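Here's the letter readout for the chains.
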Amino acid sequence: MRRLAIDTLDANWEHDHTVPSRTLYPHQWSWDSAFIAVGLAHIRPDRAWRELHTLFAAQWADGRVPHIVFNPGLRVGSYFPGPEFWDSAVADGAPAAATSGLIQPPVHAAAAWLVHRRAPSEASVQALRRLYPRLVAQQRYFTGRRDLGGGGLACIVHPWESGLDNSPAWDTPMAAVPADAAVMRAYRRHDTAHADAAHRPTDLDYARYIAIVASYREQRYADGRLARRHPFLVECPLVNAALGVAEHALARIAAVVGAEPGPHRDRAARITAALVDRLYDPVTGTFHPLDLRTGRLIPARTVLGLMPLILPDLPARQVRAVLAEACSPRFGLSARMDRPLPSHDRTAPDFEPLRYWRGPSWMNTNWLLWRGLRAHHRPDLAAGLRESMLELVARGGCHEYFHPDTGAGLGSPAFSWTASLLLDVLAEG
């Protein structure tokens, strides 16, 4: 499996970054690169740093790190929605490179710290010095411009920003976005050419995705008027848990590069407190996204509700509640797992074992939960999840995602973050 992972990453290396896959994702994706760097640290640390530096070279002046950085060498129309659709040049402070205008969960500071910890050297210290101010600017973007609810949490303005594109968590706020599936006749989707349409978001999903981007693009990707005009405004448990973890990582990085770690620790504590205050539901005993348009928690029980476990300072009450949710029949976490961990409550009527984030198992959310279990001293559950992840790749290869019952590989083959996180899991055996 280690050889398979290395071969996958080598085959997907594209001169200064790694593509998620050669089939469907030919550009550079933000949180993919962070996960990829974690695995590269075990085999090619120079590439791990280059991966992160290349991504942050496309950072916007306001601090946002775009969720896609487009490869200018690819023909127009090779990916949808491509650079011509995003038209990032309309925005003040956009980089010279063509990018999207959205973000993804800020897992990059934690990745940078793990790369340094895996392969510490003078070169890695210098790499941290170069990245540190950019990582700080990224955090300021989230905690400043994106605190649209005023409660100390960052808001996402599109489902893609969560990384869990078509999760049932977004069904309620997405239903309020006016769109017609017929709009998609004007576009050519590439995802359904590489994967079964029954496994992917629907045309109506895509019509709404496009409508939300169009709304943001018309504002030239400025955040000042989002609270008044934008159709999708949600506080996401994963994004904000990653935001808190990033401050913990930045405190460690600050100590290495000669900066002050104290403010990062203070911000981490405030983010965790706000997450518990705003997104934890004591009735269901789990975390839910908050729809700022309605002021209500979204009731769907998805893997997003488990992600705050990655916070090392999550209070004991919420740790116990998240563990109970994860070990319930909804997700089936145990020291000996019979089935992979799903991305959505497997007992829910809208559970779909084949459709993208509506049921299948994903290596990256598994890996995040695995790290959270270890941080909160549950080696028994961490070992069970680790064995489940290894079994997924042993059965299905380095696929994009996996069937939550059989473990069969789904989506794109030779997927980079699956390969990369496999290397990290293997190294911690």
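Provided above is the structure to which this section pertains.
The numbering scheme is per chain: residues are counted from 1 as the chain's sequence reads. Local features in a predicted model are, by the rule used here, given only for residues with pLDDT of at least 70; side-chain atom pairs are given and counted only at 80 or more, and totals for whole chains, interfaces and linings are based on all residues. Calculation of side-chain values draws on the structure's entire complement of heavy atoms; hydrogens and water are dropped beforehand.

Participant: Explain the overall build of the protein to me, and be specific about the residues and the numbers.
Facilitator: To qualify as a helix, a DSSP run of H or I must reach at least 4 residues; to qualify as a strand, a run of E must reach at least 2; elements of each kind are numbered from the N terminus. Of the regular secondary structure elements, the protein holds 16 helices and 9 strands. By the compact-globule yardstick of 22 Å for 429 residues, the protein fits well, its C-alpha radius of gyration being 20 Å. Projected onto the principal axes, the alpha-carbon positions of the protein cover approximately 50 × 50 × 45 Å. Considering only residue pairs separated by 6 or more positions, the protein has 71% of its internal contacts joining residues 24 or more positions apart. Element-wise, carbon and sulfur atoms account for 51% of the exposed surface of the protein, whose accessible area totals about 15,600 Å². Considering the protein, the positive charge centre built from 47 side chains and the negative charge centre built from 43 side chains are found 3 Å apart. For a compact globule the rule gives 2.2 Å times the number of residues to the power 0.38, and the radius of gyration it is set against comes from C-alpha atoms. Every residue pair with non-hydrogen atoms within 4.5 Å of one another is taken to be in contact. Surface accessibility follows the Shrake-Rupley procedure with a 1.4 Å probe radius. Residue values consider only the protein chains on display as shielding. Charge counting follows a simple rule: Lys and Arg are positive, Asp and Glu are negative, and His as well as the terminal groups are ignored. For charged residues, the charge sits on one atom: NZ in Lys, CZ in Arg, CG in Asp, CD in Glu.

Participant: So what about the environment of Ser 88? Which residues, and what values?
Facilitator: With respect to the secondary-structure elements, Ser 88 resides in the loop between α4 (83-86) and α5 (108-118). The classification of residues rests on relative accessible area computed with a 1.4 Å probe and restricted to protein chains. Under 20% of the type maximum is buried, over 50% is exposed, and intermediate values are partly exposed. On the basis of relative accessibility, which here comes to 6%, the residue Ser 88 falls in the buried class. Distance in space between the C-alpha atoms of Ser 88 and Tyr 221 is 8.1 Å, their sequence separation being 133 residues. Excluding residues within four positions of it along the chain, Ser 88 makes contact with Trp 60, Ala 94, Ala 97, Ala 98, Thr 99 and Tyr 221. For the purposes of these results, a polar contact is taken to be a pair of N or O atoms within 3.5 Å, where, inside protein, one atom must be able to donate a hydrogen and its partner to accept one; residues adjacent in sequence count only when each atom of the pair is a side-chain atom. A distance of 3.2 Å separates the side chain of Ser 88 from the backbone nitrogen of Thr 99, its partner in a polar contact.

Participant: Report on the packing of aromatic side chains, specifying residues and quantitative values.
Facilitator: Any two of the Phe, Tyr and Trp rings considered here, Trp counted by its six-membered ring, make a pair once their centres fall within 6.5 Å; the pair's planes then place it as stacked at under 30 degrees, edge-to-face at over 60, or tilted in between. Under the criterion given, the structure shown has 25 aromatic pairs. With centroids separated by 5.5 Å and ring planes inclined at 85 degrees, the aromatic side chains of Trp 31 and Trp 417 adopt a geometry described as edge-to-face. Here Trp 31, found in helix α2 (residues 30-43), pairs with Trp 417, found in helix α16 (residues 416-427); they are 386 residues apart in sequence, far enough to count as distant. Like Trp 417, Trp 31 is buried. A connected cluster of aromatic rings, assembled from ring pairs, spans Tyr 25, Trp 29, Trp 31, Phe 35, Tyr 79, Tyr 356, Trp 357, Trp 362, Trp 367, Tyr 401, Phe 415 and Trp 417. Placement of a charge over a ring requires the Lys NZ or Arg CZ to be within 6 Å of the ring centre, with the centre-to-atom vector within 35 degrees of the ring normal. Between Arg 200 and the ring centre of Tyr 356, over which it is positioned, the NZ or CZ distance is 4.3 Å. The ring of Phe 85 has Arg 217 sitting right over it, with the charged end atom 4.8 Å from the ring centre.

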